[in-house]
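Each chain is listed here by its residues.
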Protein chains: 2
Amino acid sequence: MKAKVYISLKEGILDPQGKAVEHALGVLGFKTIRGVRIGKYLEIDFDATSMEKANKEVEAMCEKLLANTVIETYRFEIEP
Amino acid sequence: MKAKVYISLKEGILDPQGKAVEHALGVLGFKTIRGVRIGKYLEIDFDATSMEKANKEVEAMCEKLLANTVIETYRFEIEP
């Protein structure tokens, strides 16, 4: 199975990398930018016997390692 | 408008960060992992007068700044 995991900073958490990209886009002539937030995108190939188990497994991965749940939120999609 | 941009390494490009996460997940007990690839996920808030213009604008951002098209591919979705 293939899981696509999206991890982003929670609302209100400062995102200096996003601010830097926002500024750089402005310098390049993109003047209508209101905000940029940067997160992580992971593609995980793994084996699971059922969709339900796959969901639980990916959720455990996010909670234990992939996301820092104090400042980040995650969502994921699983393709069989 | 809000654009969600996904940037990932092209097939065949070495991804040491992904390998590190794959190894760490193995250590944590996730034994069925076959591979992990890590990319970037950006949310961009911006103004555009039409969907067509928005598409062109985000494509230009990706080509000019956000993605290194030599080693990375990008895709994006735009929400009004």
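Below is a short write-up of the structure. (Residues numbered from 1 in each chain as written. Chains lettered and ligands numbered in written order. Predicted model: local features only at pLDDT ≥ 70, side-chain atom pairs only at ≥ 80, totals over all residues. Heavy atoms only, no water.)

With that settled, the discussion passes to the side chain of Glu43 of chain A. Secondary-structure assignment places Glu43 of chain A in strand E2 (residues 33–46). Here the side chain of Glu43 of chain A touches Tyr41 of chain A through a polar contact of 2.5 Å, side chain to side chain. Apart from the residues within four sequence positions on either side, Glu43 of chain A is in contact with Lys2, Ala3 and Lys4 of chain A together with Gly35, Val36 and Arg37 of chain B. (Helix = DSSP H or I, 4+ residues; strand = E, 2+ residues; numbered from the N terminus. Polar contact = N/O pair within 3.5 Å; in protein donor to acceptor, adjacent residues only side chain to side chain. Contact = heavy atoms within 4.5 Å.)

The next point concerns the pattern of salt bridges. Here the idea is simple: oppositely charged side chains can pair when their charged atoms come close. Residues and elements named next belong to chain A. This structure, assessed with the given rule, holds ten salt bridges over all chains. With its nearest N and O atoms 3.5 Å apart, the salt bridge here joins Glu79 to Lys4. One end of the pair, Glu79, is in strand E3 (residues 72–79); the other, Lys4, is in strand E1 (residues 2–9), and 75 residues separate them in sequence. Judged by relative accessible area, which is 34%, Glu79 ranks as partly exposed. By relative accessible area, Lys4 is classed as buried at 14%. For Glu72, the salt bridge identified is with Lys40, shortest N-O distance 3.8 Å. Residue Glu72 is located in strand E3, and its partner Lys40 is located in strand E2; the two are separated by 32 residues in the primary sequence. (Salt bridge = Lys/Arg side-chain N within 4 Å of Asp/Glu carboxyl O. Buried < 20%, exposed > 50% of the residue type's maximum accessible area, 1.4 Å probe, protein only.)

Moving on to the environment of Glu77 of chain A. Residue and element names in this part refer to chain A. Looking at where Glu77 falls in the secondary structure, it is placed in strand E3. Take Glu77: its relative accessible area is 37%, and that puts it in the partly exposed class. Through-space distance from the C-alpha of Glu77 to that of Tyr6 is 8.8 Å; in sequence the pair is 71 residues apart. Those residues in contact with Glu77 that lie beyond four places of it in its chain are Lys2, Ala3, Lys4 and Tyr6. In this structure the side chain of Glu77 is engaged in a polar contact, spanning 3.4 Å, whose partner is the side chain of Tyr6.

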